[in-house]
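Coordinates in review
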Protein chains: 2
Amino acid sequence: MMTLENLISNIKPLDQSAMEIASARQDDLTKPRGSLGKLEQISIQVAGITMNPRPRIEYKVVTVMAGDHGVVVEGVSAYPSEVTPQMVSNFLRGGAAINVLARQVGARVVTVDMGVALEMMPHPNLIDKKVAPGTGNIAKGPAMSKKQALQAIWAGVEVVDTELEKGLDILATGDMGIGNTTPSAAIAVALTGYSATEIVGRGTGVDDDGLHRKTNAVAQSVEINLPDPNDGLDVLSKLGGFEIAGLVGAILAATANRKPVVIDGYISTAAAMVAVSLAPQVRNYLISAHRSLELGHQIMLEWLGLEPLLDLQMRLGEGTGAVLAISIVEAACRTLDEMATFREAGVSDKED
Amino acid sequence: MMTLENLISNIKPLDQSAMEIASARQDDLTKPRGSLGKLEQISIQVAGITMNPRPRIEYKVVTVMAGDHGVVVEGVSAYPSEVTPQMVSNFLRGGAAINVLARQVGARVVTVDMGVALEMMPHPNLIDKKVAPGTGNIAKGPAMSKKQALQAIWAGVEVVDTELEKGLDILATGDMGIGNTTPSAAIAVALTGYSATEIVGRGTGVDDDGLHRKTNAVAQSVEINLPDPNDGLDVLSKLGGFEIAGLVGAILAATANRKPVVIDGYISTAAAMVAVSLAPQVRNYLISAHRSLELGHQIMLEWLGLEPLLDLQMRLGEGTGAVLAISIVEAACRTLDEMATFREAGVSDKED
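Residues numbered from 1 in each chain as written. Chains lettered and ligands numbered in written order. Predicted model: local features only at pLDDT ≥ 70, side-chain atom pairs only at ≥ 80, totals over all residues. Heavy atoms only, no water.

**What about the sheet that holds strand β4 (residues 170-176) of chain A?**
Residues and elements named next belong to chain A.
- Across the sheet, six strands lie side by side as β3-β2-β1-β4-β5-β6; this open sheet has parallel pairing. Because the sheet does not close on itself, it has two edges, and the strands there are β3 (126-128) and β6 (286-288). For this sheet the average axis-to-axis angle between neighbouring strands, irrespective of direction, equals 30°.
- Bridging between strand β1 (residues 60-67) and strand β2 (residues 107-115) involves eight bridges; their strand directions are parallel. Counted as the bridge partner of V61 is R108 from β2. (Pairing = 2+ DSSP bridges. Helix = DSSP H or I, 4+ residues; strand = E, 2+ residues; numbered from the N terminus. Axes fitted to C-alpha atoms, helices over the stretch in contact; angles between N-to-C directions.)

Shown next, in the form of structure tokens:
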């Protein structure tokens with residue numbers, strides 16, 4: 001059986017040779033050098049990830065992982081927990097924002113029950129990886145056991161392994177879980193050392209009292225659980241969520257298979273931080289989709305060393321920002337692959 | 001025959017009723033209110049533009065207007081003028097960045113010779129609207145006569161009218177013309193009152209000496225021609241380019257027909273400024289695609305009162321940023337139209 005250490009040891013540096021060829025080709029294409037800005041950088045990164053100097057993005061997958069959170073009893077969310085399974089049903093019927101945006105870019109939506117509190121009706125498009133019906137209240141104790149955290153990570157790995165068999169050129173991460181900006185903030189506080197006040201935002205829209213309760217819950221979760229910032233698994237199991245752990249596994253599996261991973265907003269970024277603290281090489285495989293409106297997201301992105309592609313003032317989750325950003329990554333790869341060179345087009349190059 | 005005044009009088013305010021219905025629907029969709037950020041704002045704007053509370057973006061057109069510039073003799077560009085027709089040929093063969101990006105979003109590329117210096121070979125996909133083989137040197141005198149400016153505007157109107165017959169739900173503006181950041185900067189200096197030093201950037205990549213020559217040429221063009229900042233046609237004819245004038249016409253025609261217009265970078269923004277100074281209602285129909293790396297673009301956007309959707313450090317022109325932004329506008333309209341409401345999905349709304 002594969003251990004987490006085995007999986008992590010499969011995550012390799014980017015391929016410098018593919019990146020050099022891609023970079024040289026970018027300089028030969030019919031445009032002023034560098035004029036496609038971040039598209040050029042992304043295309044070179046994807047070349048390094050895939051070991052292919054002219055990569056193509058054809059098969060697109062967004063994994064939307066769902067779970068509930070014991071910490072909601074602290075009054076940290078504007079919505080009741082029952083919304084988690086209701087939104088999962090909405091994903092399965094194709095009525096949520098993520099379904100609409102995924103249809104536009106041609107991405108498969110893979111919906112996973114990682115730990116929804118309610119027992120979900122079986123559905124052909126719902127992957128049941130439920131670890132438990134919601135986490136423990138992190139303001140009082142750990143979210144889950146280490147064993148459960150590992151189980152959830154492996155569930156995420158299995159989900160991506162199955163999708164890899166069907167074809168996967170890019171993975172977008174998405175989440176659903178009422179209350180899940182709270183554990184995400186707690187993870188960020190534990191890993192960055194910033195205070196809860198600097199990291200906690202309004203999530204789906206709590207009022208001032210709710211924000212106060214949420215900030216306290218996050219501060220308390222770190223004080224009580226004493227997570228070790230040098231041990232990603234410890235941080236994840238004490239402060240995380242099952243959907244966050246599932247995303248950690250999905251990110252590890254995709255990067256171990258040399259696939260680019262587009263990270264959505266706040267929750268996905270917290271998962272990415274855990275993945276990077278488990279396996280620093282992961283960082284090179286990540287593309288940050290967008291800057292979330294949620295407070296603290298910028299601090300998390302800086303910790304990861306990532307610059308987001310989009311800034312559309314979104315704060316929805318579900319993978320919506322990540323799926324929008326897939327279009328940009330696809331555009332980056334297509335321009336690298338399909339544009340004519342100066343020589344091919346008979347265009348005079350810059351006089352220098 | 002239609003006069004410019006007739007055309008301008010057809011540009012009406014946005015439809016408030018469609019905007020209110022769209023806005024109310026956004027609040028009913030299964031997501032926290034406002035959580036789709038700019039996508040929500042854009043969808044409401046497009047509802048107001050099209051008088052349709054659930055607009056769809058199906059037919060997409062990018063007009064790439066090409067022209068040459070007498071001012072290149074001042075040494076303002078890193079590339080020789082021969083690149084303009086070479087790039088037009090590249091567009092016609094499908095090898096340029098705009099072709100690749102337009103294929104991805106399913107947009108038609110409409111290539112127009114507005115004033116390329118070289119005589120172009122006829123091509124089934126090249127629209128010949130050549131006003132003259134390049135403009136006059138604006139550092140020494142006017143770019144064109146008022147009659148030529150009007151001819152170029154009407155050419156742009158005709159191009160869009162033809163495309164409207166084929167189906168057009170959104171217009172993206174694009175340009176090609178070696179040296180055309182110089183007249184664009186001159187237009188911006190004339191209309192905003194900022195100095196050439198604050199507006200002029202490196203374009204396709206001139207060196208320090210080139211930047212100095214370019215800044216001088218722009219300052220001189222305004223000093224010599226004395227354009228009237230309250231007369232858009234005067235500014236355009238004295239400082240513009242034939243492709244810029246064609247874009248002005250295209251923008252006026254699209255807005256007179258209640259179509260959203262996605263403005264590309266520096267050159268397109270200069271054209272939009274002229275269009276807005278001719279017809280202030282135009283402003284409501286504009287969507288700024290992206291923040292160009294070119295110095296001064298931000299000042300021009302502020303003058304227009306527009307916030308760009310993307311910031312990908314691009315500076316290519318051709319409509320590349322505008323076509324990328326079409327995906328965002330399409331996503332905005334699709335989410336408004338296709339997402340389920342709370343009631344339809346049986347999802348509990350926020351407790352408030």
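Once you've had a look at it, read on.
**Examining the sheet that holds strand β3 (residues 126-128) of chain B**
All names here are of chain B.
- Overall, parallel pairing links the six strands, which are arranged β3-β2-β1-β4-β5-β6 in an open sheet. Looking along the sheet, the strands with just one partner apiece sit at the ends: β3 and β6 (286-288). Put simply, the sheet's adjacent strands are angled 30° from each other on average, direction ignored.
- Most of the contacts of helix α5 (residues 97-105) go to strand β2 (residues 107-115), to which it runs at about 145°, and overall it touches β1 (60-67) and β2. (Contact = heavy atoms within 4.5 Å.)

**Examining the pairing of β1 of chain B**
Residue and element names in this part refer to chain B.
- Of all eight residues in β1, eight are buried; the element is thus mostly enclosed.
- Of the two faces of β1, both are covered, the one formed by K60, V62, V64 and A66 as well as the one formed by V61, T63, M65 and G67.
- In this structure, β1 lies alongside strand β4 (residues 170-176), joined through seven bridges in parallel fashion. Its bridge partner being in β4, V64 is matched across the sheet by G174. (Buried < 20%, exposed > 50% of the residue type's maximum accessible area, 1.4 Å probe, protein only.)

**Quick look at the relation of the copies chain A and chain B**
- Superposing chain A onto chain B requires a rotation of 180° together with a translation of 0.0 Å along the rotation axis, leaving an RMSD of 0.0 Å. This pairing of chains is accounted for by a two-fold axis. Proximity to the rotation axis, assessed at the C-alpha, singles out L310 of chain A in chain A; its C-alpha lies 3.2 Å from the axis.
- A shared interface surface links the copies, since 100% of the contact residues of chain A are contact residues in chain B too. (Least-squares fit on C-alpha atoms with pLDDT ≥ 70 in both.)

**Section: the interface of chain A and chain B**
- Counting residues at the interface gives 56 residues for chain A and 56 residues for chain B.
- Carbon and sulfur atoms supply 58% of the area that chain A and chain B bury against each other, a total of about 4,700 Å² over both sides.
- Note that E338 of chain B and R103 of chain A form a salt bridge whose closest N and O atoms lie 2.8 Å from each other.
- Those elements giving two or more residues to the side of chain A that touches chain B turn out to be α3 (38-50), α4 (83-93), α5 (97-105), α14 (320-338) and α15 (342-345) of chain A.
- At eight residues, the largest contribution of residues to the side of chain A that touches chain B is made by α14 of chain A.
- For the side of chain A that touches chain B, the class distribution of residues is 25 nonpolar, 16 polar and 15 charged. (Buried area = accessible area lost by both parts, 1.4 Å probe. Salt bridge = Lys/Arg side-chain N within 4 Å of Asp/Glu carboxyl O. Nonpolar A, V, L, I, M, F, W, Y, C, P; charged D, E, K, R; others polar.)

**Some points on the packing of helix α7 (residues 181-192) of chain A against helix α12 (residues 266-278) of chain A**
Residue and element names in this part refer to chain A.
- The N-to-C vectors of α7 and α12 enclose an angle of 40°; their axes lie 9 Å apart at closest approach. Considered as vectors, α7 and α12 are oriented oblique to each other. Like other packed secondary-structure pairs, α7 and α12 cross with a definite hand, here left-handed. Contacts between α7 and α12 involve T181, S184, A185, I187, A188, L191 and T192 from the former and Y266, I267, A270, M273, V274 and S277 from the latter. (Parallel < 35°, antiparallel > 145°, perpendicular 65-115°, else oblique. Left-handed = near helix turned anticlockwise from the far one by under 90°.)

**Some details on the nonpolar core**
- Grouped together as the largest cluster of nonpolar side chains are 110 residues, with contacts concentrated most on L309, L324 and V329 of chain A together with L309, L324 and V329 of chain B.
- Sequence-distant contacts of L309 of chain A, defined by excluding residues within four places in its chain, comprise K38, I42, I287, S288, A289, H290, A325, I328 and V329 of chain A together with D311 and L312 of chain B. (Core = buried A, V, L, I, M, F, W, Y, C linked by side-chain atoms within 4.5 Å.)

**What to know about helix α11 (residues 242-256) of chain A**
Residue and element names in this part refer to chain A.
- Helix length check: α11, at 15 residues, gives a terminal C-alpha distance of 21 Å against a target of 21 Å (1.5 Å per residue), a fit within 8%.
- Counting buried residues along α11, 15 of its 15 residues qualify, which places the element largely inside the surrounding structure.
- Trailing α11 by a residue or two, R258 shows a phi angle of about 55°, which is positive. (Expected span 1.5 Å × (residues − 1).)

**Here we look at the pattern of salt bridges**
- Applying the stated criterion across every chain, the model contains 38 salt bridges over all chains.
- Close ionic contact of D234 of chain A with K238 of chain A constitutes a salt bridge, the shortest N to O distance being 3.1 Å. Here D234 of chain A pairs with K238 of chain A, and both are found in helix α10 (residues 232-239), just four residues apart, close to one helical turn.
- Salt bridges linked by common partners bring R54, R56, K60, E330, R334, D337 and E338 of chain A together with R103 of chain B together as one network.

**As for the environment of V323 of chain A**
- In this structure, V323 of chain A sits in helix α14.
- Taking the C-alpha atoms as reference, V323 of chain A lies 7.1 Å from V62 of chain A; in sequence the two are 261 residues apart.

**What about α12 of chain A?**
Residues and elements named next belong to chain A.
- Compared with the 18 Å implied by 1.5 Å per residue over 13 residues, the 19 Å span of α12 between its first and last C-alpha is a close match.
- Burial of α12 is extensive: twelve of the 13 residues sit out of reach of the surface.
- Restricting attention to buried positions, one finds in α12 the residues Y266, I267, S268, T269, A270, A271, A272, M273, V274, A275, V276 and L278.

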